[in-house]
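# Secondary and tertiary structure notes
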Protein chains: 2
Amino acid sequence: MAARSYGQYCGVTTAVELIGERWSLLIVRDLLVGPRRYTDLKQGLPRIPTNILSTRLKELQEGGVVRRVPLLNCGLVYELTPYGRSFEPVMLALGRWGFQAMGDPEDGDVVTPDSLTMALRTAFQAEDATDADYELHVGDVALRASVRDGELRVAQLAPPAPPVGGRMPEGEADAVIVAGPGIRRLIGGEITPAEALAQDVVAVVRGDASWLDSFAATFHIARMTVGSTT
Amino acid sequence: MAARSYGQYCGVTTAVELIGERWSLLIVRDLLVGPRRYTDLKQGLPRIPTNILSTRLKELQEGGVVRRVPLLNCGLVYELTPYGRSFEPVMLALGRWGFQAMGDPEDGDVVTPDSLTMALRTAFQAEDATDADYELHVGDVALRASVRDGELRVAQLAPPAPPVGGRMPEGEADAVIVAGPGIRRLIGGEITPAEALAQDVVAVVRGDASWLDSFAATFHIARMTVGSTT
DNA sequence: CCGGATCCGAATCGATACTG
DNA sequence: CAGTATCGATTCGGATCCGG
């Protein structure tokens with residue numbers, strides 16, 4: 001038996017042996033956004049040691065979760081297998097659960113493009129969604145979230161050097177929302193859009209401020225009390 | 001910042017910091033079945049070192065996932081907080097995902113009462129369920145699974161020393177099913193109930209063999225190809 | 001027996017440096 | 001760009017011990 005096996009014949013145990021090592025789940029989270037090269041992953045996971053990153057990628061490949069795809073011209077990317085992609089609902093449920101326990105950011109905590117993208121997917125409520133285009137800025141991460149017919153698409157925008165090529169998703173967004181980490185309290189329903197504006201948690205720097213209402217209806221995670229430890 | 005923090009402000013990261021340490025998720029899995037004493041957990045997780053068990057229990061308490069409840073007469077139990085209990089859908093989704101990747105058991109792998117109980121919950125399909133009482137034996141684990149009105153209840157039976165008190169859930173089960181680890185292939189839809197019987201993967205030692213059809217309809221995990229690593 | 005605490009060798013992780 | 005090599009700091013695993 002493998003040394004690190006839990007010694008049980010069980011689906012949960014098998015899952016944990018596949019994606020339960022330190023950093024593995026965050027690699028899968030970023031790959032759920034799209035294929036990534038080694039360097040992209042390293043950038044999106046600023047504190048991961050490079051030897052751990054390569055070890056995890058090898059393990060995930062052996063487990064059939066990730067595969068390595070050479071690019072035509074140069075370089076290569078890692079992408080999820082179909083089985084790896086089928087982890088998405090689990091990841092979203094996990095993100096929703098963890099969201100409830102999020103406090104304020106610690107010193108040094110960062111928000112990455114991929115983590116914010118997944119956070120939006122996590123909070124997306126298809127039933128309550130109305131068609132709209134939002135441009136969302138959190139820290140130096142800029143995203144374009146487009147809602148059409150109950151479907152969400154998120155594109156990552158490069159903050160420096162305004163794109164001169166055709167990278168910008170067709171035209172202007174309905175609203176440009178600039179937020180700090182306190183946006184968590186809006187998504188979590190702890191404060192209303194009006195309160196969020198009043199407390200400078202978010203600002204609508206372009207478009208009508210009422211877009212924040214539809215934003216809050218579209219992206220929402222039900223509040224739940226974290227049980228006391230008494 | 002905490003040394004073992006991932007340094008990201010994100011729901012997934014928060015979740016992993018709460019339940020991502022080695023063994024933590026398996027402790028939560030067992031506690032989802034019901035409150036357990038320290039010794040119960042140690043028995044249900046045969047390979048966990050005792051210092052790790054107590055460390056994890058402390059961490060889970062600090063995270064608001066678990067709480068420690070003194071018993072009236074003697075001893076104490078650990079139980080999930082409401083927040084910890086809200087992890088159940090994530091656990092079931094994770095178990096379903098891991099189930100797809102389960103192979104044959106390794107040497108030394110065991111099936112515990114709690115893991116089998118959660119596996120039944122994982123595989124339970126309320127829409128396809130018909131009322132029935134099954135007694136299921138896998139290895140030396142014996143369970144009584146009762147389906148009523150699309151709801152599942154699972155009770156654990158003590159294999160030695162037939163219960164003389166009133167512990168036995170009222171009367172006989174409709175069917176007593178004895179299975180080996182190959183029951184995974186029945187639940188996973190790789191083989192039909194008829195094939196499972198023919199291959200001695202399972203046996204119906206009491207009640208009509210046709211109960212196995214309703215069992216297979218009630219407990220099912222859709223098959224999915226684990227992507228190749230090429 | 002219950003509920004741990006302590007000790008120690010082995011394995012893993014984290015940080016940095018280095019390479020094809 | 002895509003890793004490997006190295007090495008000290010941590011953590012894990014196994015065993016033992018201890019107070020109630």
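In this report, we go over the structure that sits alongside the text.

Cut-off values and rules
Residues numbered from 1 in each chain as written. Chains lettered and ligands numbered in written order. Predicted model: local features only at pLDDT ≥ 70, side-chain atom pairs only at ≥ 80, totals over all residues. Heavy atoms only, no water. Pairing = 2+ DSSP bridges. Helix = DSSP H or I, 4+ residues; strand = E, 2+ residues; numbered from the N terminus. Near = heavy atom within 4 Å. Polar contact = N/O pair within 3.5 Å; in protein donor to acceptor, adjacent residues only side chain to side chain. Nonpolar A, V, L, I, M, F, W, Y, C, P; charged D, E, K, R; others polar. Phe/Tyr/Trp six-rings, centres within 6.5 Å; stacked < 30°, edge-to-face > 60°. Buried < 20%, exposed > 50% of the residue type's maximum accessible area, 1.4 Å probe, protein only. Lys NZ or Arg CZ within 6 Å of the ring centre and 35° of its normal. Axes fitted to C-alpha atoms, helices over the stretch in contact; angles between N-to-C directions. Least-squares fit on C-alpha atoms with pLDDT ≥ 70 in both. Contact = heavy atoms within 4.5 Å.

### Here's the deal with the pairing of strand E5 (residues 151-157) of chain B
Residues and elements named next belong to chain B. Examined bridge by bridge, strand E4 (residues 141-148) and E5 share seven bridges and lie antiparallel to one another. Paired with Leu143 across the strands is Gln156, a residue of E5. Joining the antiparallel neighbours E4 and E5 is a turn of two residues, in which Asp149 adopts a positive phi near 55°.

### Here we look at the protein's contact with DNA strand D
The local shell around DNA strand D holds 22 residues, among which Thr50(A), Arg68(A), Tyr78(A), Arg22(B) and Arg56(B) are the closest. Of all DNA strand D atoms lying within 4 Å of any protein atom, the proportion belonging to sugar or phosphate reaches 68%. With respect to DNA strand D, the side chain of Thr39(A) contributes an N or O atom lying 3.1 Å from a phosphate oxygen. A distance of 3.5 Å is found between a phosphate oxygen of DNA strand D and a side-chain nitrogen or oxygen belonging to Ser54(A). Among the secondary structure elements, those contributing two or more residues to the surface near DNA strand D are helix H3 (38-44), helix H4 (50-62) and strand E2 (76-80) of chain A together with helix H4 (50-62) of chain B. When its residues are assigned to classes, the surface near DNA strand D shows six nonpolar, seven polar and nine charged.

### Re the protein's contact with DNA strand C
As a structural note, the neighbourhood of DNA strand C is formed by 21 residues, with Arg22(A), Arg56(A), Thr50(B), Arg68(B) and Tyr78(B) the closest of them. Within the side chain of Arg68(B), one N or O atom sits 2.7 Å away from a phosphate oxygen of DNA strand C. Elements with a minimum of two residues in the surface near DNA strand C: H4 of chain A together with helix H3 (38-44), H4 and strand E2 (76-80) of chain B.

### Some words on the packing of aromatic side chains
Going through the model one piece at a time under the given rule, you end up with 16 aromatic pairs over all chains. The interplanar angle of 10° and the centroid separation of 4.5 Å between the aromatic rings of Trp97(A) and Tyr83(B) together place this pair among those described as stacked. You can see Trp97(A) sitting in helix H6 (residues 88-100) and its partner Tyr83(B) sitting in helix H5 (residues 82-85), one on each of two chains. You can call Trp97(A) buried: its relative accessible area is 4%. Relative accessible area serves as the criterion here: at 0%, Tyr83(B) is assigned to the buried category. Geometrically, the ring pair formed by Tyr134(A) and Trp211(A) is edge-to-face, given 6.4 Å between the ring centres and 85° between the ring planes. Taken together, the residues span a long stretch of sequence, with Tyr134(A) in strand E3 (residues 132-138) and Trp211(A) in helix H10 (residues 211-218) at a distance of 77 residues. Residue classification places Tyr134(A) among the buried residues on the basis of a relative accessible area of 0%. For Trp211(A), a relative accessible area of 25% corresponds to the partly exposed category. Following the ring pairs from residue to residue traces out a cluster consisting of Phe124(A), Tyr134(A), Trp211(A), Phe215(A) and Phe219(A). The ring of Tyr6(B) carries the charged tip of Arg22(A) above its face, separated from the ring centre by 4.4 Å.

### Focus on the sheet that holds strand E6 (residues 175-179) of chain B
Residue and element names in this part refer to chain B. Here five strands make up an open sheet; going across it, the order is E5-E4-E3-E6-E7 and the pairing mixed. Edge strands, defined here as strands with exactly one partner in the open sheet, are E5 and strand E7 (202-206). The average angle at which neighbouring strand axes cross in this sheet is 25°, direction not considered. The pairing of E6 with E7 spans four bridges and is classified as antiparallel. Within E7, the residue paired with Val176 across the bridge is Arg206.

### As for the relation of the copies chain A and chain B
Once turned by 180° and shifted 0.0 Å along the axis, chain A lies on chain B with an RMSD of 0.0 Å. On the angle and the small slide along the axis, the relation comes out as a two-fold axis.

### Digging into the sheet that holds strand E4 (residues 141-148) of chain A
Residues and elements named next belong to chain A. Taken together, the five strands give an open sheet; going across it, the order is E5-E4-E3-E6-E7, and neighbouring strands pair in mixed fashion. One side of each edge strand has no neighbouring strand; the edge strands of this open sheet are strand E5 (151-157) and strand E7 (202-206). Along the sheet, successive strands turn relative to each other by an average axial angle of 25°, direction set aside.

### Looking at the side chain of Asp114(A)
If you trace the backbone, Asp114(A) turns up in helix H7 (residues 113-123). Excluding anything up to four places from it in sequence, Asp114(A) contacts Asp30(A), Val33(A), Arg36(A) and Gln156(A).

This is a description of form; function is not addressed.
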